[in-house]
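# Structural overview
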Amino acid sequence: MTSKTDDLRIEHLEVLSPPAQVIGEQPATSLIEETVAGARSAIQQILHGSDAPGSEGPGSEGRPDDRLLVVVGPCSIHDPVAAMDYARRLAEQRRRHTGELEILMRVYFEKPRTTVGWKGLINDPGLDGSFRIDEGLRLARRLLLDINALDLPAACEFLDLITPQYLADLVAWGAIGARTTESQIHREMASGLSCPVGFKNATNGDVKIAVDAVLAAAQPHHFLAVDKQGRAAIAATRGNADGHVVLRGGARPNYDAASVAAVAAELAKAGLPARLVVDASHANSGKNPANQPAVVADLAAQVAGGTSNLMGVMIESHLVAGRQDLVAGRPLIYGQSITDGCVGWDDTAAMLEALAQAVRARRAAAVRTPVPTPAAAPAPVPSGG
């Protein structure tokens, strides 16, 4: 059947395998589920403190809530082999710094574009314009399973309402990007996600948009979605109490102590936890990856100085520093980004060490300056007789 008014610009539609089928082909093991659930519980504690719902759950034992969340990894995943190479190195860093840092690997499969360009591993896994999305979804799920199997939790950005049905059970932390934080459907989706969600400030630096998004996502919503069978459905959510703001800069950087304190005060005024994450990349680094170590050094100094408002840091990092263009017929440099530029591995390890040292310094300072106990009340003066 044809129509004179419908699908006039659609070349063709290809039916995807439903989420239930893909998950059934590649199910999570109980150990992987524990890794994901443990990281979510740890992030809840970092955000809310010991009063976090589920703070008694897996991953909470022996992990103090004064640690820092660190989301670190490639701008986007384009080579699963290099991604696993990176993951094995990062898993060792996670074990090394487990007392101070809750390290998650940045595993981004979808790339938002200002105009056009490669949209990520799910959209074009062959990097050749073949757009084998059905294959991309399976490849993404396989990679998340393999990374979590290293006891290394994963963080993803969610760009649409469909891919979470295929992948969200394997994601410990989700991001809503600067271009979509103001979007109603993304706020509604976040209200139903099972993981903590960070909302980035707008590309122009507007933070109120992100604060409003956290408030909106905390509420129940009803919206159009798809179920695990791929059928159109109405999703009714309970609301997500684990939303928070991510500062990524705008017209000017906003990682400095004054900016962090100002946003924390705005969050507290809105009745939200006065804790936030800072992205060391994007506008905060002037879109120059070589500036990320300086940003992280400033953040580490804030932590060592005693701030409790800074709950986490994001870093764009790969095996090889910089970036490269995706050009047909030209071999790619192994372990180097094809989207935003990243810092290299040696700088990454140094930044993680600096952040861990900052947490230790903050703890040491807290021990040296204990909270004073209230003075005892003076004894009553006896009345004359």
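The preceding data block contains the structure.
Residues numbered from 1 in each chain as written. Predicted model: local features only at pLDDT ≥ 70, side-chain atom pairs only at ≥ 80, totals over all residues. Heavy atoms only, no water.

Each helix and strand in the chain was counted, giving ten helices and ten strands. Relative to the globule expectation of 21 Å for 385 residues, the C-alpha radius of gyration of the chain, 22 Å, shows essentially globular dimensions. Reported as C-alpha extents along the three principal axes, the dimensions of the chain are approximately 110 × 45 × 45 Å. Per-residue burial for the chain yields a buried fraction of 51% across its 385 residues. Look at the contacts in the chain between residues 6 or more apart in sequence, and 70% of them connect residues 24 or more apart. In the form shown here, the chain has an accessible surface area of approximately 17800 Å², with 56% of it arising from carbon and sulfur atoms. The centroid of the 36 positive side-chain charges in the chain is displaced by 3 Å from the centroid of its 43 negative side-chain charges. (Helix = DSSP H or I, 4+ residues; strand = E, 2+ residues; numbered from the N terminus. Rg over C-alpha atoms; globule rule 2.2 N^0.38 Å. Buried < 20%, exposed > 50% of the residue type's maximum accessible area, 1.4 Å probe, protein only. Contact = heavy atoms within 4.5 Å. Areas by Shrake-Rupley, 256 points an atom, 1.4 Å probe, with all protein chains shown as cover. Lys, Arg positive; Asp, Glu negative; His and termini not counted. Charge placed at Lys NZ, Arg CZ, Asp CG, Glu CD.)

Before going further, it helps to examine the layout of surface pockets. Space inside the largest pocket adds up to approximately 700 Å³. In terms of lining residues, the largest pocket is bounded by 40 residues, among which Lys111, Pro112, Arg179, His282 and Asp340 are the most central. Of the residues belonging to the lining of the largest pocket, the class tally is twelve nonpolar, 15 polar and 13 charged. Residue lining of the second largest pocket: 21 residues in total, with Pro164, Gln165, Gly192, Leu193 and Lys228 positioned closest to the centre. Residue assignment for the lining of the second largest pocket shows that the elements contributing at least two residues are α5 (163-167), α6 (184-192), β6 (222-226) and β7 (232-236). Here the lining of the second largest pocket is built from residues that sort into 13 nonpolar, four polar and four charged. (1 Å grid on protein atoms, 1.4 Å probe; cavity = no way out; pocket = protein on both sides within 12 Å on 5 of 7 lines; lining within 4 Å. Points joined across faces, edges and corners; volume = space filled by probe spheres on them. Nonpolar A, V, L, I, M, F, W, Y, C, P; charged D, E, K, R; others polar.)

The next point concerns the packing of helix α3 (residues 80-96) against helix α4 (residues 133-148). For the pair α3 and α4, the least separation of the axes is 10 Å and the interaxial angle reads 20°. Overall, the two elements α3 and α4 adopt an arrangement that is roughly parallel. In terms of crossing hand, the pair formed by α3 and α4 is right-handed. Residues Pro80, Ala83, Met84 and Ala87 of α3 lie in contact with α4, whose contacting residues are Leu139, Leu143, Asp146 and Ile147. Class assignment for the residues of the contact of α3 with α4 results in seven nonpolar, no polar and one charged. (Axes fitted to C-alpha atoms, helices over the stretch in contact; angles between N-to-C directions. Parallel < 35°, antiparallel > 145°, perpendicular 65-115°, else oblique. Left-handed = near helix turned anticlockwise from the far one by under 90°.)

Despite not being glycine, Asp7 has its phi angle at roughly 55°, a positive value. Locating Asp7 in the fold gives a position in the segment before α1 (19-25). The backbone phi angle of His282 is positive, close to 50°, even though this residue is not glycine. One can find His282 in the loop between β9 (276-279) and α9 (292-304). Owing to a relative accessible area of 14%, His282 belongs among the buried residues under this scheme.

Spatially, the eight strands close up into a barrel ordered β1-β2-β3-β4-β5-β8-β9-β10, and their pairing is parallel. The mean inter-strand angle of the sheet, taken between neighbouring strand axes irrespective of direction, is 30°. Examined bridge by bridge, strand β1 (residues 68-73) and strand β2 (residues 101-106) share five bridges and lie parallel to one another. The residue of β2 that forms the bridge with Val70 is Ile103. In the packing of helix α2 (residues 30-48) onto the sheet, contacts are made with β1, β2, β4 (173-176), β8 (243-247) and β10 (310-316), and the angle to β2 comes to roughly 125°. Strands in contact with α3 are β1 and β2; relative to β2, the strand with the most contacts, it is inclined by about 175°. (Pairing = 2+ DSSP bridges.)

Turning to its location among the elements, Gln292 is positioned in helix α9. We classify Gln292 as buried; its relative accessible area is 0%. From its side chain, Gln292 meets the backbone oxygen of Glu316 in a polar contact 3.0 Å long. With near-sequence residues (within four places) excluded, Gln292 lies in contact with Ala280, Ser281, Ser285, Ile315, Glu316, Val343 and Met351. (Polar contact = N/O pair within 3.5 Å; in protein donor to acceptor, adjacent residues only side chain to side chain.)

Another point: empty space enclosed by the protein. Following the criterion strictly, the structure yields one cavity of 30 Å³ or more and no others. One number sums up the size of the largest cavity: a volume of about 50 Å³. In terms of lining, the largest cavity is formed by Val107, Phe109, Glu110, Cys156, Glu157, Phe158, Thr163 and Leu167. Elements with a minimum of two residues in the lining of the largest cavity: β3 (154-157) and α5. For the lining of the largest cavity, a count of residues per class yields five nonpolar, one polar and two charged.

Turning our attention to α2. With 19 residues, α2 should reach 27 Å at 1.5 Å per residue; the first-to-last C-alpha distance of 26 Å fits that figure. Gly49 sits one or two positions beyond α2 and adopts a positive phi of about 85°. (Expected span 1.5 Å × (residues − 1).)

Summed over all chains, the structure comprises 21 salt bridges. Across the pair Glu316 and Arg106 runs a salt bridge, and its minimum N-O distance is 3.0 Å. A residue pair is termed long-range when its members are at least 10 positions apart, and Glu316 in strand β10 and Arg106 in strand β2 qualify at 210 residues. With respect to burial, Glu316 and Arg106 carry one shared label: buried. Each of Arg96, Glu100, Glu353 and Arg360 takes part in one network of salt bridges that share partners. (Salt bridge = Lys/Arg side-chain N within 4 Å of Asp/Glu carboxyl O.)

Glancing now at the packing of α6 against helix α7 (residues 208-217). Closest axis-to-axis distance for the α6/α7 pair is 8 Å, and the angle between their directions is 45°. Taken as axis vectors, α6 and α7 run oblique relative to one another. The chirality of how α6 crosses α7 is right-handed. Residues Arg187, Ala190 and Ser191 of α6 form the contact with α7, whose participating residues are Ile209, Asp212, Ala213, Ala216 and Ala217.

Such coordinate-based values are descriptive only and should not be taken to indicate function.
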